[in-house]
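Inside the fold
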Amino acid sequence: MTSPVSSQQSPSVFIAQGNAAFRAKDYERAIQYYLRSVSAAPALRRTAIGNIEVARQRYRRERNLVDLKRIGVCGWDLSHNAAGRAYTLAQVYETFADVEVIGAISQKRGGQVWSPIRDGRIPIHTVPIEDPSGFLDRAIEFVAAHPFDIVHLSKPRGPNILFGMLYKLIWDSRVFMDIDDEELAFVGAQSPLRLDEYLQVHGSWPDLQHLDGEEWTRLAVGLAQSFDGVTVSSPVLQQRYGGSVIRHARDGKAFRPSPEQKRHSRVKFGIPLDSKVVLFFGTPRAHKGLLTAAQAIGRLGRNDVVFAIVGDFPAAGMKKDLENGKGCQFLFLGSQPMDTAAEVVALGDCCMLLQDTESRVSEFQTPAKLSDAFGVGLPVLACRTGATEEFIQQGAILEVSAETAHVQLSKLLSDTALAGALVSQGRKAFESHMSFAAVAPVLQEMVHTLPSESSAAPGPLWARTLGMEALFTWSSVPPSTKPSLAEPKRARTDLQVHLPEKVSSQPDFFSIKAAPTLADLLVCAWIDKPAQVRQLVQAASVIALPYELIVLFPRGQVDMGPLSELPESCLKVNAIGYPADTTRASAFVRAL
């Protein structure tokens, strides 16, 4: 991966440097230079975009021959616990590919990467969301500097949709969408939005000011299946969105039952070996039932039971409510690195998950703590939800409710046979569905079966309404004046509209005015048959360098309309017409 291109140069220099890189077959760097020229001088947009399209095709052909793919797992906001799923996917990819974590980071949440992955071994690159209205410009710069063969979007949210579109448009990356939650539930929405229906009503995409809001989230969920593949974290989400199931996976070599690891963890965190530890490892939130779990523990009336909560509280009030309860001893450990999660989970004796069964979030959310507990060998107590039902049926989870939690917990802590049976079934589920060994082949299959070339069929609606030129127009104007996106272009009608500016009729060569130009080539063509116009357009479409074209043609005998389809690398066309009854030789002399 080449280093990012500096922006402290003139636009014409960027074009020249892009052309030099193109001639040297360094197509990655050529694309980066051409993109810089667009940012620095919008007037060069057509030239640069034409060059980008040609360079991108050659870049993709080269990268398709490389066995070790560059993969970026993209989080919509890496500043909170949503980043955990992105990091998990990256850990799985790490077993067979070159992977990095990328994504947006919210300034209103502190502007830092979520602490459990902040110092992880997998590289992380971020784009800050300070003023959302300028996010797209920064995202374009970021995508240009971080090319990937495959981008796996973690969660269908606004920023990720933009990242996915940019990677398709700039690098022709293959893009997967991962869904591990029902995102609509987080914004209080019941259904997604169809892009075509939205554009029909509003005429443009939503304002960028509320990328994490309801409107963008509904559109993002509606667009989740419009890329190259879908992954989901559970069968219940698969029923809703399709795709391949990729569980919250863990490394089976690190996550395994080990009395020695348990003793080491107890000593490290200062927990007596004879204490009974009920473990919660994750981000404490209201729908996860921590208050109910604490009440159940308090009803046991035992001094040897400790409720260990490992994770930072997003809301300080919840921690205070827990501490105000009676009869429950707490151990608050704060966030711990994901790379050392097995060591943390090993300190527990059981894991209790009392998800709010009335919550739409709980209905579709498979707690990552299940994978942790099953891997290390902790028996699990949990409420029945759509996401936990399969494991209850397999005997890997002891079903509880808010009313029965204290009874079932007491039974589990005293019945070693019951605990052993749960651990055994949980381990089977882990090895079959949640270990790297079980999950990595699914991702490998998805990667290896991707087509080497983009489909020739019409792409998704977002691609047909948001071509690269519209993208740059959208990203360079304030939201209040953002242009609406018209119906899909079919025959380069954008160039037909600007035809008078590009094609000028001249009586002879001497009438062509000399003027400063950014063109590197002058192309001359002689046309005397209608079919040759189309042949000229096809031949000129492979020219990546900016050029000007001079065409000689018999007046009134040839339709020059197809010239409107010339690529953006053609800066200008001078058309010299000659009488139809003139011989070729005399016509050429006349032109001179």
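To be clear, the structure that these remarks concern was listed above.
Let me begin by describing the structure that accompanies this report. (Residues numbered from 1 in each chain as written. Predicted model: local features only at pLDDT ≥ 70, side-chain atom pairs only at ≥ 80, totals over all residues. Heavy atoms only, no water.)

Quick word on the overall build of the chain
The number of helices and strands found in the chain is 27 helices and 17 strands. Expressed as a percentage of the 592 residues in the chain, the buried residues total 55%. For the chain, the share of sequence-separated contacts (at least 6 apart) that also reach a separation of at least 24 residues comes to 74%. For the chain, the accessible surface area stands at approximately 25100 Å², while carbon and sulfur atoms represent 51% of it. (Helix = DSSP H or I, 4+ residues; strand = E, 2+ residues; numbered from the N terminus. Buried < 20%, exposed > 50% of the residue type's maximum accessible area, 1.4 Å probe, protein only. Contact = heavy atoms within 4.5 Å. Areas by Shrake-Rupley, 256 points an atom, 1.4 Å probe, with all protein chains shown as cover.)

Some remarks on helix H7 (residues 158–171)
Here H7 contains 14 residues, and its C-alpha end-to-end distance of 20 Å stays within 8% of the 20 Å for a straight helix at 1.5 Å per residue. In terms of burial, H7 is largely enclosed, as 14 of its 14 residues are buried. Once H7 finishes, Asp172 follows within two positions and takes phi at roughly 55 degrees, a positive value. (Expected span 1.5 Å × (residues − 1).)

Here we look at the nonpolar core
Within the largest apolar cluster, 67 residues are counted, with the highest numbers of intra-cluster contacts made by Phe135 and Phe163. Broken down by element, this core gets its largest block of residues, eight residues, from H7. Among residues more than four places away in sequence, those in contact with Phe163 are Cys74, Gly103, Ala104, Val127, Phe135, Ala139, Phe142, Val143 and Leu153. (Core = buried A, V, L, I, M, F, W, Y, C linked by side-chain atoms within 4.5 Å.)

Things to note about the pattern of salt bridges
Oppositely charged side chains may form a pair once their charged atoms are brought near each other. Tallied over the full model, the rule gives 26 salt bridges. With a closest N to O distance of 2.6 Å, Asp180 and Lys155 form a salt bridge. You can see Asp180 sitting in the loop between strand S5 (174–179) and helix H8 (183–186) and its partner Lys155 sitting in the loop between strand S4 (150–154) and H7, a full 25 residues away along the chain. The exposure class of Asp180 is buried, given its relative accessible area of 5%. Note on Lys155: relative accessible area 5%, which makes it buried. Between Arg194 and Asp196 there is a salt bridge, with its nearest N and O atoms 2.6 Å apart. Looking at Arg194, the relative accessible area reads 48%, which means it is partly exposed. Ionic contacts of the salt-bridge type, sharing partners, join the residues Lys155, Arg157, Asp180, Asp181 and Glu183 into one network. (Salt bridge = Lys/Arg side-chain N within 4 Å of Asp/Glu carboxyl O.)

Points about the sheet that holds strand S3 (residues 124–129)
If you trace the seven strands from one edge of the open sheet to the other, you get S3-S2-S1-S4-S5-S6-S7, paired in parallel fashion. Across the chains shown, the open sheet's two edge strands, defined by having one partner strand only, are S3 and strand S7 (244–245). Alignment of strand S1 (residues 70–75) against strand S2 (residues 98–106), held across six bridges, turns out to be parallel. Note on S2: the bridge partner recorded for Arg70 is Asp98. Along the sheet face, helix H4 (residues 83–93) touches S1, S2, S4, S5 and strand S6 (229–232) and points at about 165 degrees away from the line of S1. Running at roughly 160 degrees to S3, helix H6 (residues 135–145) makes contact with S2 and S3 of the sheet. (Pairing = 2+ DSSP bridges. Axes fitted to C-alpha atoms, helices over the stretch in contact; angles between N-to-C directions.)

A few points about the environment of Tyr547
Structurally, Tyr547 can be placed in strand S16 (residues 547–554). Separated by 24 residues in sequence, Tyr547 and Val523 place their C-alpha atoms 7.0 Å apart. Contacts of Tyr547, omitting those with residues within four sequence positions, involve Ala519, Leu521, Val523, Ala540, Leu566, Pro567, Ser569, Cys570, Leu571 and Lys572.

With respect to the environment of Ser335
Looking at the element boundaries, Ser335 is found in the loop between strand S10 (329–332) and helix H15 (341–345). Classification of Ser335 by relative accessible area gives partly exposed; the value is 25%. Between the alpha carbons of Ser335 and Gly282 there is a distance of 7.9 Å; along the sequence they are 53 residues apart. For Ser335, the side chain forms a polar contact with the side chain of Asp312, separated by 2.9 Å. (Polar contact = N/O pair within 3.5 Å; in protein donor to acceptor, adjacent residues only side chain to side chain.)

Considerations on the packing of helix H20 (residues 416–434) against helix H21 (residues 436–448)
Running from amino to carboxyl end, H20 crosses H21 at an angle of 20 degrees, the nearest separation of the two axes being 5 Å. Considering their axes alone, H20 and H21 lie roughly parallel with respect to each other. Side by side, H20 and H21 meet where Glu431, Ser432, His433 and Met434 of the first sit next to Phe436, Ala438 and Val439 of the second. Residue composition of the contact of H20 with H21, grouped by class: four nonpolar, two polar and one charged. (Parallel < 35°, antiparallel > 145°, perpendicular 65-115°, else oblique. Nonpolar A, V, L, I, M, F, W, Y, C, P; charged D, E, K, R; others polar.)

Concerning the pairing of strand S8 (residues 276–281)
Among the six residues that make up S8, five are buried, leaving the element largely enclosed by the rest of the structure. Pairing of S8 with strand S9 (residues 305–310), which is carried by six bridges, proceeds in the parallel orientation. Residue pairing for S9: Phe280 is matched across the bridge by Ile309. Where S8 lies against strand S11 (residues 350–353), two bridges are found, and the strand directions are parallel. Within the sheet, the bridge partner assigned to Leu279 lies in S11 and is Cys351.

A look at unusual backbone geometry
Located in the positive-phi region is Lys25, a residue other than glycine, with phi close to 65 degrees. Relative to the elements of secondary structure, Lys25 occurs in the loop between helix H1 (11–23) and helix H2 (27–40). Its identity is not glycine, yet Asp172 carries a phi of approximately 55 degrees, on the positive side. Inspection of the secondary structure assignment puts Asp172 in the loop between H7 and S5.

Digging into the sheet that holds S8
As summarised here, the arrangement of the six strands in space is S10-S9-S8-S11-S12-S13, forming an open sheet in which the pairing is parallel. Only two strands of the sheet have a single neighbouring strand rather than two, namely S10 and strand S13 (397–399). Between one strand and the next, the sheet's axes are offset by a mean angle of 30 degrees, whatever the strand orientation. Strands in contact with helix H13 (residues 290–298) are S8, S9, S10 and S11; relative to S9, the strand with the most contacts, it is inclined by about 165 degrees.

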